[in-house]
Amino acid sequence: MQYISTRGNYQPVKAGEAICLGMVPGGGLFVPESFPSFFPQDLADLPYRDLAQKILELYLDDYTQAEISEMVENAYYSGNFSPAIAPLVKTGGHHILELWHGPTAAFKDMALQIMPYELTLAVEKSGHSKETVILVATSGDTGKAALEGFKDVLGIRIIVFYPAEGVSNIQERQMLVTEGSNTHVVAVEGNFDDCQNAVKSIFANQGLQAEMDKKGKVFSSANSINWGRLLPQIIYYYFGYGQMVAQGTIKAGDAINVCVPTGNFGNILAAYYAKRMGLPLKKLVCASNKNKVLTETIEKGVYDRRRDFYKTNSPSMDILISSNFERFFFEMVERDGVVCGQAFHDLQSRGLFASPKAKENWQEFLEAGFADDETGAKAILELWKSDKYVLDPHTAVAIAVEKAYKERTGDETPVLTASTASPYKFPEAVLKALGQDVSGLDDNGLLQKLHELTKTAVHPGLIGLDQKEIRHHKRIKKADIAQTVKEICGI
Ligand SMILES: *Cc1c(COP(=O)(O)O)cnc(C)c1O
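This one's a predicted model, so the numbers in the text were calculated from it and none came from an experiment.

A. Fine view of the packing of helix 2 (residues 48–59) against helix 3 (residues 65–75). Axis separation between helix 2 and helix 3 bottoms out at 10 Å; the angle between their running directions is 140 degrees. The orientation of helix 2 with respect to helix 3, classified from their angle, is oblique. Viewed along their axes, helix 2 and helix 3 form a crossing whose handedness is right-handed. Of the residues in helix 3, those in contact with R49, A52, Q53, L56 and E57 of helix 2 are Q65, I68, S69, V72 and E73. Here the residues of the contact of helix 2 with helix 3 sort into four nonpolar, three polar and three charged.

Below, the structure is given as structure tokens:
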């Protein structure tokens, strides 16, 4: 399998090289040249690891079966995800796929627990002995998941940039206490888009890459612009579908819809790729918070990022420039790299692009909606009252949008909802939604209160965070991101 650029500006490469590079030098993202068909008869019986092995083999054909098996064993063992890897919970008429049982309590672990193995093997295969410097822009959850995945991995250095006032207390604390001699965490006075833009422009800066090369270093990315991040996310849509069959909700072959709380469009893109591979997904419902640029794009066929940016209770979705929409758009313009490149160039320079043709292609299966904080809070309270199930604020956005979709369309197809974070990661917003008084409570007090109220277990990755030493203290202006990278890399 070869990987090509969404902008038609690079030669096809093997998976390992796409993963090492992170994104296409000079702009654009790597996508598989085709989508293999995959729909096993025994899907409902396949354990997560077996499914992972099969799907990764389809796309990583420059890795041996034994290498893939080792990666899968190292990432998806039961102690790493507990009590299960991706349990499907049937509650209140919903089918909630809990993707946050990994070490950092967010769905990013599903990919970032395996990605370091993908990357180190790819570096080995490439035969060079350079140090890989991973640049990460995070809206909160990618940062910690990437730090945990890559800390103390030989031959790797990782630098994480996050918006100083744009993540939750617990998210920030999780990152700042990270150990490991190869980890760097930097607060940026700006928002997530500022961080992501700066990182992308470093990738596009060939002069800087040449200087890195002289020092024996090379950049890569752990954001979902990296194919190695997206690929493992395809697995859990198959797994979730299989669980729906196993639980008797559907028969093998029946169509379902999926609803995904969306920021950078990576998670929902993985669902689209699963659909292309033959998983019977009828509608993909893209759920946004008050930063509803995708809702409008999907409805109108015009991506216009020129708008106010809002900080919400679902910070991991506070994004106006959704990187992976480029990969989706590439498919919707029938893989025309010139058209796709022009559109995303326009988005960067003029702030918008329009494509009626792309819209025509997606409107038969892509749906969108948004829910503000208040609507999300209502969804949290309702499901708690009716079924004693606690949603985090991101998943609550999805549940609210799913409900509105069903009311609007009357579509009764069962919906698989991606649940992206543990409620314990955002205890203040969750407790407030449940009508609780949170005044005077510190992070630990909030966790305790949520635990006492709901009688659910605190996510083990979040216990004792306040006892740990803060190890990272850097805070910079957004204009200084490139300079900071240079300093850390000794350039
Ligand atoms: C990252 C994240 C999202 C958004 O996922 P994308 O792949 O960026 O669309 C949603 N919810 C949570 C909790 C996240 O961490």
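B. View of the sheet that holds strand 2 (residues 13–14). Spatially, 2-1-3 is the arrangement adopted by the three strands of the open sheet, whose pairing is antiparallel. In the strand order of this sheet, the two ends are held by strand 2 and strand 3 (30–32), each with one partner. Bridge count between strand 1 (residues 2–5) and strand 3: three bridges; the pairing is antiparallel. Within strand 3, the position partnered with Y3 by the bridge is P32.

C. Looking closely at the sheet that holds strand 16 (residues 474–477). Ordered by their spatial adjacency, five strands build an open sheet running 9-6-7-8-16, and the pairing between neighbours is parallel. The two strands at the open ends of the sheet, each matched to only one other strand, are strand 9 (217–221) and strand 16. Each strand of the sheet is rotated relative to its neighbour by a mean of 30 degrees, with strand direction disregarded. Here strand 7 (residues 156–163) runs beside strand 8 (residues 183–189); their pairing, made up of six bridges, is parallel. Its bridge partner being in strand 8, F161 is matched across the sheet by V186.

D. Quick look at the side chain of T142. Mapped onto the secondary structure, T142 falls in helix 6 (residues 141–150). T142 sits in the buried class, given a relative accessible area of 6%. Among residues more than four places away in sequence, those in contact with T142 are K108, L112, V136, A222, N223 and R229.

E. Region of the structure containing a negative patch on the surface. A cluster of acidic side chains, namely D42, D45, D50 and E73, defines a negative patch on the protein surface. Checked against the element boundaries, D42 lands in the loop between strand 3 and helix 2.

F. The arrangement of the site of the ligand in detail. With respect to spatial proximity, 15 residues lie near the ligand, and among them K108, D141, G263, N264 and T420 are the closest. Within the contact set of the ligand, an oxygen atom lies 2.5 Å away from a side-chain nitrogen or oxygen of D141. Within the backbone of G266, one N or O atom sits 3.2 Å away from an oxygen atom of the ligand.

What counts, and at which threshold
- Residues numbered from 1 in each chain as written.
- Predicted model: local features only at pLDDT ≥ 70, side-chain atom pairs only at ≥ 80, totals over all residues.
- Heavy atoms only, no water.
- Axes fitted to C-alpha atoms, helices over the stretch in contact; angles between N-to-C directions.
- Helix = DSSP H or I, 4+ residues; strand = E, 2+ residues; numbered from the N terminus.
- Parallel < 35°, antiparallel > 145°, perpendicular 65-115°, else oblique.
- Left-handed = near helix turned anticlockwise from the far one by under 90°.
- Contact = heavy atoms within 4.5 Å.
- Nonpolar A, V, L, I, M, F, W, Y, C, P; charged D, E, K, R; others polar.
- Pairing = 2+ DSSP bridges.
- Buried < 20%, exposed > 50% of the residue type's maximum accessible area, 1.4 Å probe, protein only.
- Patch = residues over 30% accessible without salt bridge, like charges linked within 9 Å, V, L, I, M, F, W, Y side chains within 5 Å.
- Areas by Shrake-Rupley, 256 points an atom, 1.4 Å probe, with all protein chains shown as cover.
- Salt bridge = Lys/Arg side-chain N within 4 Å of Asp/Glu carboxyl O.
- Lys, Arg positive; Asp, Glu negative; His and termini not counted.
- Charge placed at Lys NZ, Arg CZ, Asp CG, Glu CD.
- Near = heavy atom within 4 Å.
- Polar contact = N/O pair within 3.5 Å; in protein donor to acceptor, adjacent residues only side chain to side chain.

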